[in-house]
Amino acid sequence: ESHGDFKPAVIYDMGGKFDKSFNEGVYAGIKKFQDETGVEVMEFEVTNEAQRQQAMEKMVQRGATVVLGVGFAQADAISAVAAANPDVNFSIIDVSWLDHPNLRQYAFKEEEGSYLVGVAAAMASETGTVGFVGGMDIPLIRAFACGYEQGVKATKDDAKVLQNMTGTTPAAWNDPTKGSELTQAQIDRGADVVFQAAGGTGVGVIQAAADAGKLAIGVDSNQNYMAPGNVLTSMLKRVDVAAYETMKDAMSGDFETGVRLLGVAEGGVGWALDEYNADLITPEMKSAIDQAAAKITAGEIKVHDYRSDNTCKM
Amino acid sequence: MNTALELKNVSKSFGLVKANKNINLAVEAGSIHGIIGENGAGKSTLMNIIYGMHRADSGEIHFGGQHVDVRSSADAIEHGIGMVHQHFMLVPTFTVLENVMLGTEGGLMLRDGRGAALERLLHLSETYNLKVDPHALVSDLNVGQRQRVEIIKALKGGAKVLILDEPTGVLTPQEADQLFEILKVLRDDGVSVLLITHKLSEIMDITDTVSIMRQGEMVGHRKTSETSPQELAELMVGREVLLEVDRKPAKPGEVRFSAKNLGYTNAQGVVELEDINFEVRSGEILGVAGVSGNGQTQLMETLAGMRHLTSGSLNILGTEVTAADQTDPRIIRDLGVGHIPEDRHTHGLVLNFEARENMILGFQDTGLAGDGKLFDYTAIQKNCEDKMAHYDVRPPNPRLNAKNFSGGNQQKIVIAREFSANPGVLLVGQPTRGVDVGAIEFIHKQLLELRDAGCAILLVSVELDEIMSLSDRIMVLCDGQNVGIIDSAKADRQTLGLMMAGQRQEAAA
Amino acid sequence: MADFLYQLLLSFDATLRIATPLMLCAMAGIFSERSGIVDISLEGKLLSGAFVAATVAALTGSAWLGLGCAMLAGIFMSLIHGFACITHKGDQVVSGVAINILASGLTIVLGIALFKRGGQTPSLPREDRFTPIEWWGVDMMDSVPVLGTIYRQLISGHNMLVYVALLAVPLTAFILYRSRFGLRLRAVGEVPEAVDSAGISVTWLRYRALIVGGALCGIAGAYLSIAQGGNFVREMSAGKGYIALAAVIFGNWKPLSAFMACLMFGFLEAATTRLEGVALPLIGEVPTQLMLAMPYVLTVLLLAGFIGKPRPPAAIGKPYHK
Amino acid sequence: MSTPTPPLPRWADLILLPIINLFAAFFICGLIVLAIGENPIEALGVMIKGAFVYSGGLGYTLFYTTNYIFTGLAVALAFHCMMFNIGGEGQALIGGLGAALASFGLGVYLPAPLAIPLAVLGAFIAGGIWGVIPGYLQAKRGSHIVITTIMFNFLAASLMVYLLAGPMLEAGQQSPQTARLAESTLLPKMADMLRPLGINITSSPLNASFLIALGAMAVFYVLVWHTRLGFNIRSVGQNQEAAHYAGINVARTIIITMAISGGFAGLLATNEILGFNHKVVLNFTAGYGFTGIAVALMGRNHPIGIFLAALLFGALTQGGGELDFEFQSITREMVLLIQGMIILFSGALAYMFNPPLARMIAKFVAPKDPANG
Ligand SMILES: Nc1ncnc2c1ncn2[C@@H]1O[C@H](COP(=O)(O)OP(=O)(O)OP(=O)(O)O)[C@@H](O)[C@H]1O
Ligand SMILES: Nc1ncnc2c1ncn2[C@@H]1O[C@H](COP(=O)(O)OP(=O)(O)OP(=O)(O)O)[C@@H](O)[C@H]1O
Ligand SMILES: [Mg+2]
Ligand SMILES: [Mg+2]
């Protein structure tokens, strides 16, 4: 309140801010900002389509000076509200195609981060078969899967990658039962490392892998803590950084707009190594992953983005 | 004198309907006590109170001189009351034994009590000559057999009072006689029997005492030996009864409606009608007699197009209808057939519709509903007002829902609708069921007027008297077959009774 | 070939896991529908059970307490259903819809109030869940060629509630056909008047049927959130209650046939997860959506009379008026 | 039990009883709000203010109301035929597909006055098709309509996801949705329509579809009570046997009813898709189909009643979103809870308060009207 007119707001997507991955990542960034600055951030979790735009308008009405939208589904809403309120700053995550002078857009190269954990998976796998469990079947998740597969194949070209999508409705983000069943099925077929990009469903994936004594790979946030010893690593998508950065920049007054495309080189995506998985990551693994990251940064490895042509070219 | 059952000032209302008002009744041990009264007089309600199925609003019940609070049928059973209900209370998917066991299983597991129940069943069946296979499915039994199961159920706990609510309505006269033999044995064993029936002859034949109910009240108690059918009828109705119909001889014209080898087999493959032949001429009434459940309903519904005949053919006002034709009520109606259905609540009326809407039911596609695309409620209202006035429907309020008219007036609405369409052929089912005497006279008069105007009428009724007094010729159905057609002038109760039991006309004559 | 058979065996194993909540709910449905009460509220009871089980287990650290309270929750929802449709003779389908919506709302509202995690409950540690039970002698049996594998994969290694569900089926059949309660239950769903006239309370009988059903749904819910899964997630029942109801109708309201129907639905789903993205001979790759829609398509097709018309209990859906 | 219940006067049955039921539902919800540590009175105030007072709040309320009118009419029409249409959700989804197909297929070539009716018709027909199949299966094959319509909800969801994530996915787009519909088929916003008339209202999603909903109410009224088809529908609904006796083709009536009912539900797409989203997005039906059951029940299956009930639920949805803003521990699911309670009390327990209320009224009214009995 001591910061005069500065009033930030964030609007989470339907998964909710406790989805343990994407939205929760944003929440972590917001929380960090709040803890550091003591500024209260207005929050809202949308639960139906019409609410997206309404919530943004509402935030603006309440005097928000910066509004952060979480997820590509809010693109249309933020576009409309940003156009109508040129004095307010807006920022959105997972969008790159809009164009407003007061809008900052964050896009991530998920395929690059997925590539890195693919390398880890291939090296950790004893069976030569690894799995991927996606949430809702959309191009974004296919991009995760595709990057992962590229990483696996680049490391072990005879490795098999099993892929499943949980479902085709947004409910697929929140179906841990199905997630664990899919994981079990992949384990039955020989997979011993399973990467999930499935929101709340991923909880079931990690749990099933742990129950079966196999390895899981987390997504978006660092999920290594969720089953210590059974989460090989997590593919980090630093939405927390994006959220924190948005708030910080807006507060300090130098809010640059435009598109920020974040890949391995920019530190926007990566992999997690902490006390929970230190024992699982062998030095060879670590050096292989770091090497791959370096090559990506240097442009020596070009990871194909599924979204560019809706196919997964190896 | 030893009183088995006594009611003191028992009253019961359903909403605004006072079904029982301050009823007093005493029944001697070891006697057969008849209860009579018109439809809706409150007989079943009273019996259900005794049996604990309904709770009285006020009043007392005494069993064997002792005041008892009967809160459920379990209480009543415990006090030695058994009841055979007006409508069967059997589970069709159960065996006879399972039905009898229900409520007295004799243990948590069926196995525990099955042996004893079977023994008891066989014992009762032997003692009272109630023949029935304990392991047969009830759905496979005929009505007579089902009734035996009901009686066994009522007696299984050693009943001291046995209530039978209209047990003979579904029986042939012969089966009814058998039943009465059983009742006499029971009486001699010291059981008190409460018998409800509409048939005064049965009252005179078998009861020791009789009570008469009218509109919820007990209007008299008589020793059977000291009363007459005439007196009972007058007590029932509350005025002098004139049941003779003034019928002039028919002047039959051309054949308007005929059936040739008509048959109907239902979806389960049961033959319900077989080889029915008849013709109805303009200006005559063909009555159809029979114990209820012998194919009358199926016959009417087949003729009206509500079921598809499965063999033979019909000729309706010159149009041939065979099993190959997909008839439906619309087609039959459009040929010029009117239909007073047997069950007005199920078929004749939509109870939640206003009277004026019911007055166009079946004629909604005609000018009665207006000439344009949309309904013309002025015309519909006018149509209803006119018909209500002509047929004396009370109250003459076209906006009242059908369910709020009394039974007699509901029937008048159906009759007004069907009669005034001037049908060439009219199918009439149970036209006076549940209808008071005044309305009966009116309806009978209208039927005869229609006949004299040249309509061909087929009349189904379970009331033999009605059939005999209205019909010009009578066809008797038994087991879905035509036992014979006789001239009503030559018909008497005896002959018809034998025919209804299945004896062919030649043999009876 | 051997690999195919092994995969098939594992599919059966998965079938069992997936069918467990369906079996429990279907048996619950049989109890209530056989007594004459339509029960589309299976879904809501399942969801409530799942929520309460996870909540109680998270708060107390006891899976058993969670299970017990889930059963109570199921019973509580059943009692609401009974209060509406038995005591007040309300429309049974409407009451069921209301309970389902209530359950969706209530579980999330309470979940947020209790845990502030968007309606989820905290993840349970392994000790607080019902985890797979290794049967005696699994390792010894491994040496036996085929049977050993079957024993290890299919028979052993499920959590306790799977075995409870498997027991519930014969138990339901036994109660229904062999016990006094069962006889009365079947009677009250066909001809309640007959039951009333036999001196048995229709109301209490139906309430008891609903209570048994509620308890079974509660167990099914506990299975979802503290046995198969490790926490409660909003809308976790995901239509399983409806599928169970479809299984009841398929099974013609008979426990063993309904059980078979549950297995069929379970197998379809298990097969879906295994066939996704796999090219089948002749057909090629089946679109996931089509595979996922299979249970629904099958239900519609089979209900459309290709299995013979189901014969519901005669008095179902009709409140009993004296 | 033993005291006879006098019948309830019509005004009490139509107005007082629903209000009492509503009150009971809110009361229980209030207790729950209290239990989770918030002030129910304050919450109610926030809801009411959010729904009607805030600028634009009313617009949102009426926007949601429009949805509820469509699904309420859909359920009510089926109810008149005693069909329980739980499939509004799926029918509305497919309605969106119909609108999109009409828009992409023909709308692009036509001017708005032709294109809009076509797109609306597309929504109606597509929803109708999704309703008519369960209707057919019920009428001809005896499949239980409740089960079939539920299955059709699932099927519609699968189909839409397949289409939106596959063949109909907008090129280069990653969220499963179609491209923007043809401009000529989009419905104008209410705020834009009123501005030329000199009326300025805050812009909100409220659009011309609201007028379509009002029109649908009128059509519903005329159809049910003033046409032969309506007479047939009500006859079949009240008494199938009597309808058959009266020469009405029962099966055909059921099928037609379900077609129109599905069509009404399909019209929801005019509001959500043609009027607001301007592209088909996933899950735009958001439970309106299920809530339509409550709307129809509370509205006693009459268009006026349905309008009032839809307004109530619209206000709940909008005001409920407001709760989310204002309170830490209350989220939109509170609205789901209130809806459930309302369905329970106004639907399943509709007549719980009937006997005591009737007795009370009788006590007050009786002295003036000498009782006959
Ligand atoms: N459950 C009920 N609810 C409301 N009204 C009832 C109920 N049962 C009976 N009635 C009404 O009470 C009155 C008496 O009915 P009851 O069945 O006792 O007549 P009844 O003498 O047995 O007639 P019937 O000869 O036709 O069997 C009738 O007006 C009837 O409509
Ligand atoms: N459910 C009801 N609601 C309102 N009014 C009713 C209801 N049932 C009957 N009535 C009214 O009560 C009156 C008496 O009805 P009841 O059925 O007892 O007549 P009834 O004397 O048996 O005549 P009938 O011999 O013609 O059948 C009728 O005029 C009818 O309008
Ligand atoms: Mg009677
Ligand atoms: Mg196993």
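Nothing here was measured: the structure is a model prediction, and the numbers come from that model. (Residues numbered from 1 in each chain as written. Chains lettered and ligands numbered in written order. Predicted model: local features only at pLDDT ≥ 70, side-chain atom pairs only at ≥ 80, totals over all residues. Heavy atoms only, no water.)

S.K.: Where do I start with the overall build of chain A in this structure?
M.R.: Helix and strand counts for chain A come out as 10 helices and 12 strands. Here the C-alpha atoms of chain A give a radius of gyration of 19 Å, agreeing with the 20 Å that 2.2 N^0.38 yields for 314 residues. With the principal axes as the frame, chain A shows a C-alpha extent of 60 × 40 × 40 Å. Burial statistics for chain A: of 314 residues in total, 64% are counted as buried. Considering only contacts within chain A whose residues lie at least 6 apart along the sequence, 67% involve residues at least 24 apart. Of the roughly 10600 Å² of accessible surface on chain A, a fraction of 47% belongs to carbon and sulfur atoms. Looking at charge distribution, chain A has the averaged site of its 26 positive side-chain charges lying 2 Å from that of its 44 negative ones. (Helix = DSSP H or I, 4+ residues; strand = E, 2+ residues; numbered from the N terminus. Rg over C-alpha atoms; globule rule 2.2 N^0.38 Å. Buried < 20%, exposed > 50% of the residue type's maximum accessible area, 1.4 Å probe, protein only. Contact = heavy atoms within 4.5 Å. Areas by Shrake-Rupley, 256 points an atom, 1.4 Å probe, with all protein chains shown as cover. Lys, Arg positive; Asp, Glu negative; His and termini not counted. Charge placed at Lys NZ, Arg CZ, Asp CG, Glu CD.)

S.K.: Would you mind showing me how to read the overall build of chain D here?
M.R.: Counting its secondary structure elements, chain D contains 16 helices and zero strands. For chain D, the C-alpha radius of gyration of 22 Å lies close to 21 Å, the compact-globule estimate for 373 residues. For chain D, the spread of C-alpha atoms along the principal axes amounts to about 75 × 60 × 40 Å. Here chain D, with 373 residues, has 62% of them falling under the buried criterion. Pairs at least 24 apart in sequence give 76% of the contacts found in chain D among residues at least 6 apart. As presented, chain D carries roughly 13600 Å² of accessible surface, and 68% of it is formed by carbon and sulfur atoms.

S.K.: Would you explain empty space enclosed by the protein in this entry?
M.R.: To find leftover empty space, a probe the size of one water molecule is rolled over the atoms. Residue and element names in this part refer to chain B. Applying the stated criterion across every chain, the model contains six cavities of 30 Å³ or more. A volume near 180 Å³ is recorded for the largest cavity. What lines the largest cavity is a set of 18 residues, and nearest its centre among them are Tyr-51, Ile-77, Lys-153, Ala-154 and Lys-156. Elements with a minimum of two residues in the lining of the largest cavity: β6 (81-84) and α5 (143-155). By residue class, the composition of the lining of the largest cavity is eight nonpolar, seven polar and three charged. Considering the residues around the second largest cavity, the lining is formed by Asn-129, Leu-130, Gly-144, Gln-147, Arg-148, Ile-151, Leu-171, Glu-175, Gln-178, Leu-179 and Ile-182. (1 Å grid on protein atoms, 1.4 Å probe; cavity = no way out; pocket = protein on both sides within 12 Å on 5 of 7 lines; lining within 4 Å. Points joined across faces, edges and corners; volume = space filled by probe spheres on them. Nonpolar A, V, L, I, M, F, W, Y, C, P; charged D, E, K, R; others polar.)

S.K.: What is the right way to read the pairing of strand β12 (residues 271-281) of chain B from this model?
M.R.: On a regular strand, each side chain points to the face opposite its neighbour's, so the side chains alternate between the two faces of the sheet. Residue and element names in this part refer to chain B. In the sheet, strand β11 (residues 255-265) pairs with β12 via seven bridges, with the strands oriented antiparallel. Following the sheet pairing, Thr-265 is matched in β12 by Val-271. Between β11 and β12, which follow one another and run antiparallel, lie five residues, and Gly-269 among them has a positive phi close to 90°. (Pairing = 2+ DSSP bridges.)

S.K.: Please clarify how the packing of helix α1 (residues 22-37) of chain A against helix α8 (residues 239-252) of chain A should be interpreted in this entry.
M.R.: A pair of packed helices is captured by two measures, namely the crossing angle of their axes and the spacing between those axes. All names here are of chain A. At a minimum axis separation of 7 Å, α1 and α8 run at an interaxial angle of 40°. Note on packing geometry: the crossing formed by α1 with α8 is right-handed. On α8, the residues that touch Phe-22, Gly-25, Val-26, Ala-28, Gly-29, Ile-30, Lys-32, Phe-33, Glu-36 and Thr-37 of α1 are Val-239, Asp-240, Ala-243, Tyr-244, Met-247, Lys-248 and Met-251. (Axes fitted to C-alpha atoms, helices over the stretch in contact; angles between N-to-C directions. Left-handed = near helix turned anticlockwise from the far one by under 90°.)

S.K.: Sorry if this is basic, but what is going on with the interface of chain D and chain C here?
M.R.: Interface extent is often summarised as the accessible area lost during association of the parts. If you look at the interface, chain D gives 36 residues, while chain C gives 39 residues. Taken over both partners, the interface formed by chain D and chain C buries close to 3400 Å², and the fraction arising from carbon and sulfur atoms is 84%. Along the contact surface separating chain D from chain C lie one salt bridge. Ionic pairing is found between D:Glu333 and C:Arg234, a salt bridge with its closest N-O pair at 3.2 Å. Run the count over chain D and chain C and you get two residue pairs in polar contact (both at pLDDT 80 or more). Among the elements of the structure, α5 (112-141), α6 (145-165), α13 (288-298) and α15 (333-348) of chain D are those that each provide at least two residues to the side of chain D that touches chain C. Residue composition of the side of chain D that touches chain C, by class: 25 nonpolar, nine polar and two charged. (Buried area = accessible area lost by both parts, 1.4 Å probe. Salt bridge = Lys/Arg side-chain N within 4 Å of Asp/Glu carboxyl O. Polar contact = N/O pair within 3.5 Å; in protein donor to acceptor, adjacent residues only side chain to side chain.)

S.K.: Help me understand the state of the cysteines, please; the structure alone is not making it clear to me.
M.R.: One covalent bond between the sulfur atoms of two cysteine residues makes up a disulfide. Within the structure shown, the criterion is met by one disulfide over all chains. Between the sulfur of A:Cys146 and that of A:Cys312 lies a disulfide, 2.1 Å long from S to S. Judged by the torsion about the S-S bond (95°), the A:Cys146/A:Cys312 disulfide is right-handed. Separated by 166 residues along the polypeptide, A:Cys146 in helix α5 (residues 139-155) and A:Cys312 in the segment after α10 (306-309) bring together distant segments of the chain. A relative accessible area of 31% places A:Cys312 in the partly exposed class. A disulfide-free cysteine, C:Cys85 has its sulfur positioned 14 Å from the sulfur of C:Cys217, the nearest such atom. (Disulfide = S-S within 2.5 Å.)

S.K.: So what exactly am I meant to see when it comes to the sheet that holds strand β10 (residues 217-223) of chain B here?
M.R.: Each strand in a sheet pairs with its neighbour through backbone hydrogen bonds, running either in the same direction (parallel) or in the opposite one (antiparallel). Residue and element names in this part refer to chain B. An order of β6-β7-β8-β3-β9-β10 is seen for the six strands of this open sheet, with the pairing classed as mixed. The open sheet is flanked by β6 and β10, the only strands paired with a single partner. On average, each strand axis in the sheet is tilted by 20° relative to the strand beside it, whichever way the strands run. Both strand β3 (residues 32-37) and strand β8 (residues 192-196) contribute to a ladder of four bridges, which runs parallel. Bridging across to β8, His-33 finds its partner in Leu-194. The strands that α5 touches are β6 and β7 (161-165); relative to β6, the one it contacts most, it runs at about 170°. Packing of helix α8 (residues 229-237) onto the sheet brings it into contact with β3, β9 (209-214) and β10, and relative to β9 it is tilted by some 30°.

S.K.: Just checking my understanding: could you explain the packing of helix α11 (residues 240-250) of chain C against α6(D) for this structure?
M.R.: For the pair α11(C) and α6(D), the least separation of the axes is 11 Å and the interaxial angle reads 135°. When the axis of α11(C) is compared with that of α6(D), the two are oblique. In this structure, α11(C) crosses over α6(D), and the sense of that crossing is left-handed. Here α11(C) contributes C:Tyr242, C:Leu245, C:Ala246 and C:Ile249 to the contact with α6(D), which in turn contributes D:Ile147, D:Ile150, D:Met151 and D:Phe154. Residues belonging to the contact of α11(C) with α6(D) are distributed by class as follows: eight nonpolar, no polar and no charged. (Parallel < 35°, antiparallel > 145°, perpendicular 65-115°, else oblique.)

S.K.: Please clarify how the environment of A:Lys156 should be interpreted in this entry.
M.R.: Residue and element names in this part refer to chain A. Along the chain, the position of Lys-156 falls in the loop between α5 and β7 (160-167). In this structure the C-alpha to C-alpha distance between Lys-156 and Glu-256, which are 100 residues apart in sequence, comes to 42 Å. Setting aside residues no more than four positions away along its own chain, Lys-156 makes contact with Ala-122 and Ser-125. One polar contact links the side chain of Lys-156 to the main-chain carbonyl oxygen of Ala-122, over a distance of 2.9 Å.

S.K.: Can you help me understand helix α4 (residues 88-105) of chain D in this one?
M.R.: In this model α4(D) runs 25 Å from its N-terminal to its C-terminal C-alpha over 18 residues, within 8% of the 26 Å that 1.5 Å per residue would give. Most of α4(D) is tucked away, with 15 of its 18 residues classed as buried. (Expected span 1.5 Å × (residues − 1).)

S.K.: Explanation requested: the environment of D:Ile116 in the structure shown.
M.R.: Turning to its location among the elements, D:Ile116 is positioned in helix α5. Here D:Ile116 is in contact with D:Ser184, D:Thr185, D:Leu186 and D:Leu187, once residues within four sequence places are set aside.

S.K.: Help me understand the interface of chain C and chain B in this model?
M.R.: Opposite the 22 residues of chain C that make contact, chain B presents 23 residues. Where chain C abuts chain B, roughly 1900 Å² becomes buried across the two surfaces, and 65% of that area is made up of carbon and sulfur atoms. The largest per-residue losses of area from chain C upon contact with chain B belong to C:Arg180, C:Leu183 and C:Ser197, which jointly make up 32% of the total buried on that side. Note that B:Glu105 and C:Arg184 form a salt bridge whose closest N and O atoms lie 2.8 Å from each other. At the junction of chain C with chain B, the criterion picks out six residue pairs in polar contact (both at pLDDT 80 or more). For the side of chain C that touches chain B, the elements supplying multiple residues, two or more each, are α7 (160-178), α8 (180-190) and α9 (192-197) of chain C. Examining the composition of the side of chain C that touches chain B, we find that six residues originate from one element, α8(C), more than from any other. Across the side of chain C that touches chain B, the residue classes tally to 10 nonpolar, three polar and nine charged.

S.K.: Where do I start with the sheet that holds strand β4 (residues 58-63) of chain B in this structure?
M.R.: Residues and elements named next belong to chain B. Ordered by their spatial adjacency, four strands build an open sheet running β2-β1-β4-β5, and the pairing between neighbours is antiparallel. Both outer strands of the open sheet, β2 (17-28) and β5 (66-68), are each paired with one neighbouring strand and no more. Pairwise comparison of adjacent strand axes, ignoring direction, gives a mean angle of 25° for this sheet. Of the strands in this sheet, β1 (3-14), β2 and β4 touch helix α1 (residues 43-50), which is tilted by about 120° from β1.

S.K.: Sorry if this is basic, but what is going on with the arrangement of the chains here?
M.R.: With five pairs of chains in contact overall, the contact-richest pair is chains C and D. Regarding chain A and chain B, which are not in contact, the minimum distance between any of their C-alpha atoms is 39 Å.

S.K.: Sorry, what's going on with the site of ligand 1 here?
M.R.: All names here are of chain B. Residues in contact with ligand 1 amount to 15 residues; listed here are only the nearest, Gly-40, Gly-42, Lys-43, Ser-44 and Thr-45. A distance of 2.5 Å separates an oxygen atom of ligand 1 from a polar atom in the side chain of Thr-45. Relative to its unbound accessible area of 640 Å², ligand 1 is 67% covered by the protein chains. Looking at the shell around ligand 1, the elements that each hand over two or more residues are β2 and α1. When grouped by side-chain class, the residues that make up the shell around ligand 1 number four nonpolar, seven polar and four charged. (Near = heavy atom within 4 Å.)

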